[in-house]
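# Observations on the three-dimensional arrangement
Next come the chains, spelled out residue by residue.
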Amino acid sequence: MSSKILMKGNEAIAESAIRAGCQAYFGYPITPQTEVLEYMARRMPQLGRVFLQAESELAAINMLYGAACAGVCAMTSTSSPGFSLMQEGISYIACSMVPAVVVNVMRGGPGLGNIQPSQADYSQMTKGGGHGDYKVLTLAPSTIQELVDHVGLAFDLADEYRQIVFVIADGMLGQMMEPVELPEMRELRPPPAWALTGAKGRPKNIITSLYLNAPELEKVNQELQAVYRRIEANEVRYDSYLLEDAEIAVVAYGTAARIARTAIRRAREAGIRVGLFRPITVYPFPYEALAEVAGRVQEMLVVEMSAGQMLEDVRMATCCRVPIRFFGKMGGVVPLPEDILAEIEALAQGKPAMVAQKGA
Amino acid sequence: MVEAEKQERIVFSRPKALTDTTTHYCPGCIHGIVHRLIAEAIDELGIQDRTIGIAPVGCSVLAYHYFDVDFAEAAHGRAPAMATGLKRVQPDKIVFTYQGDGDLAAIGTNEIIHAVNRGENITTFFINNAIYGMTGGQMAPTTLPGQVTTSTPFGRDVRAAGYPLRVCELMATLAGAAYVVRRTAINPREIRRLKKAIVTAFKVQMAGLGYSLVEVVSNCPTNWGMTPIESLEWLEKNMLPYYPLGDFKVAEGVENL
């Protein structure tokens, strides 16, 4: 029997992490994700697990790194300016191949920006962000139930690939409430053999991202790239809605996708054959699946709460085989269903130009 | 008993906690002495199988090759934050960071201050040679007034570059600090004192008393442009007056260890 409870997105993130076996949480307050930290502050000590409010996001990501080196499931959460500060540590963790989970509840930027929902960290999350050749598996939920599911999944994927995994949300998902079904509490797993637990009964373990010898570092990079190829082969996730007979495909993820669904439903009522393609993993991006969609529809509409960052991936996927129109909102402005509906209607009426144009 | 039948007694050998890897340190540098003393302390305390070290960025970046204990390599200055994460999830382990002055007193000032102030049960060995060694001899926060470096070619002018940072004096003001001392390794007497401080610092952690930090006033023959002997003489004459040796914080309970 399922029993649903009403939960705020940020609190759902925290509770889901706890149930997935998160043994340590390190964080720093930043709106609009601070409730994750506050929830952890109460719950983790109750369970005899580690909670620590760091002095900065730099410290938080490095505390996470330290705990991850000990082989425990550990997480931090932050929002855009804090996420920028974490890039140094993320690059080190990526190279060191220790599992860890980072949740970014995005807000408007650049700079201090504001505290409204945004999707403008897409490129930073999916194209590297820090220095060096690395990628981070990034899950993009669009409901609070999915947020719960993805946080649990993120811990599994982090362990499987010995990599850092991102869950990408935004201020709207963090702050809204929805009924959710929570998973059972998992047992804490023992530390893996590579972990730094004291070299009792075994040779010492070293975790490092330093390889002064160039061919040796190239080999490490090749190993990392092999992991990314495995992730790209096995972990592509996407969802579609009313796409079977669609002539127009809206491409959107996260909050933008759920608003687009409402617009699509209304457009369908008006007789427009439109559907939604929603990447769930934004790295690895579902290039092949979207290319297949591009072969079936006449037009595409990309909707983002940014100036068009995913748009570049959509163009790569479709190789410009289909006209792409872009609709984006920036600075924490959330698109309304009517806005997206108007774009769909404009496309359906064959106007204006079908060529993709950046900017809202 | 004839001479050949006398039992051989080993009076000096490599500590178990030190590997037989050849180090990359410059001739005459104190890093090697400090490494050995830390390894000896680990052996004597019997903690090799539950000690985890964190290496810094800088000359001692490869410390993990030299110690035979579990080791992680931190980003520049972030060792105390990493050590905090490691120790918080494994409170029964002995966690130490090994950091230079650029690492601890410049880029990592925030991390060290807050880790000490939280009273993290970890130990830091802080090697202060008043210069950036790895990058080729630039000014460090600890560079003395008037000292010539590649980035203070006319000598450190405190009006432009500020004053040398006295780390022990600063850390001793923090409530979470249990043991903060400054030592050096310029002669056998000082080496014995340093060894005792290193053992005490680990004991402080083992007893759960709070943060322990041992600063070692050190040398850099290569970047100071001196012979090893000259560098020790320069250290004694110029550094020790600004960085006096001594105990800056010895919390209650430490003396009984």
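Here the structure is shown first, and the text comes after it.
Residues numbered from 1 in each chain as written. Chains lettered and ligands numbered in written order. Predicted model: local features only at pLDDT ≥ 70, side-chain atom pairs only at ≥ 80, totals over all residues. Heavy atoms only, no water.

We now examine the overall build of chain B. Within chain B one finds 10 helices and 7 strands. Taken over C-alpha atoms, the radius of gyration comes to 18 Å for chain B, in line with the 18 Å a tight globule of 257 residues would show. With respect to the principal axes defined by its C-alpha atoms, chain B has extents near 70 × 45 × 30 Å. Within chain B, the proportion of its 257 residues that are buried is 55%. Of the contacts made within chain B by residues no fewer than 6 positions apart, 69% connect residues no fewer than 24 positions apart. Entry remark: accessible area of chain B is about 10,700 Å², with carbon and sulfur atoms responsible for 54%. (Helix = DSSP H or I, 4+ residues; strand = E, 2+ residues; numbered from the N terminus. Rg over C-alpha atoms; globule rule 2.2 N^0.38 Å. Buried < 20%, exposed > 50% of the residue type's maximum accessible area, 1.4 Å probe, protein only. Contact = heavy atoms within 4.5 Å. Areas by Shrake-Rupley, 256 points an atom, 1.4 Å probe, with all protein chains shown as cover.)

Before going further, it helps to examine the sheet that holds strand β12 (residues 274-279) of chain A. Residues and elements named next belong to chain A. Taken in spatial order, the 5 strands line up as β10-β12-β11-β14-β15 in an open sheet, and their pairing is mixed. Two strands lie at the open edges of the sheet, namely β10 (238-241) and β15 (324-328), each paired on one side alone. On average, adjacent strands in this sheet sit at an angle of 20 degrees to one another, irrespective of strand direction. Strand contacts of helix α10 (residues 254-269): β10, β11 (248-251), β12 and β14 (299-304), with the helix running at about 165 degrees to β12, the strand carrying the most contacts. (Pairing = 2+ DSSP bridges. Axes fitted to C-alpha atoms, helices over the stretch in contact; angles between N-to-C directions.)

This part is about the packing of helix α3 (residues 57-69) of chain A against helix α5 (residues 87-96) of chain A. All names here are of chain A. The contact between α3 and α5 brings their axes to 8 Å, and the two run at 15 degrees. One finds that α3 runs roughly parallel with respect to α5. As for the relative orientation of α3 and α5, their crossing is right-handed in sense. Contacts from Leu 58, Ile 61, Asn 62 and Tyr 65 of α3 reach α5 at Glu 88, Gly 89, Ile 90, Tyr 92, Ile 93 and Ser 96. Classifying every residue of the contact of α3 with α5 by side-chain character gives 6 nonpolar, 3 polar and 1 charged. (Parallel < 35°, antiparallel > 145°, perpendicular 65-115°, else oblique. Left-handed = near helix turned anticlockwise from the far one by under 90°. Nonpolar A, V, L, I, M, F, W, Y, C, P; charged D, E, K, R; others polar.)

Residue and element names in this part refer to chain A. Burial of strand β2 (residues 24-27) is two-sided: the residues Ala 24 and Phe 26 facing one way and the residues Tyr 25 and Gly 27 facing the other way are all buried. Bridging between β2 and strand β3 (residues 50-53) involves 4 bridges; their strand directions are parallel. Its bridge partner lying in β3, Tyr 25 is registered against Phe 51. The parallel pair β2 and β3 is bridged by helix α2 (residues 34-46), and the resulting crossover is right-handed. Note that β2 and strand β4 (residues 74-78) share 2 bridges and pair parallel. (Right-handed = clockwise from strand over helix to strand, strands pointing away.)

Attention shifts here to the nonpolar core. Core analysis: the largest hydrophobic core is formed by 131 residues, its most contacted members being Met 40, Met 75 and Met 300 of chain A. Excluding residues that lie within four positions of it along the chain, Met 40 of chain A makes contacts with Ala 14, Ala 17, Ile 18, Cys 22, Tyr 25, Pro 45, Phe 51 and Met 75 of chain A. Core analysis: the second largest hydrophobic core is formed by 51 residues, Ala 17, Ile 186, Ala 201 and Leu 235 of chain B among them. (Core = buried A, V, L, I, M, F, W, Y, C linked by side-chain atoms within 4.5 Å.)

Let us now look at the sheet that holds strand β4 (residues 123-128) of chain B. If you walk across this open sheet you meet the 8 strands as β9(A)-β2(B)-β1(B)-β3(B)-β4(B)-β6(B)-β5(B)-β7(B), and the pairing is mixed. Strand pairing shows two members of the sheet lacking a second neighbour, β9 (206-207) of chain A together with β7 (246-250) of chain B, which therefore form its edges. Here strand β1 (residues 51-55) of chain B pairs with strand β2 (residues 70-73) of chain B via 4 bridges, running parallel. For Ala 55 of chain B, the partnering residue across the bridge sits in β2 of chain B and is Glu 73 of chain B. Where helix α5 (residues 109-117) of chain B meets the sheet, its contacts fall on β3 (94-100), β4, β5 (177-184) and β6 (211-217) of chain B, and the angle it forms with β6 of chain B comes to roughly 135 degrees.

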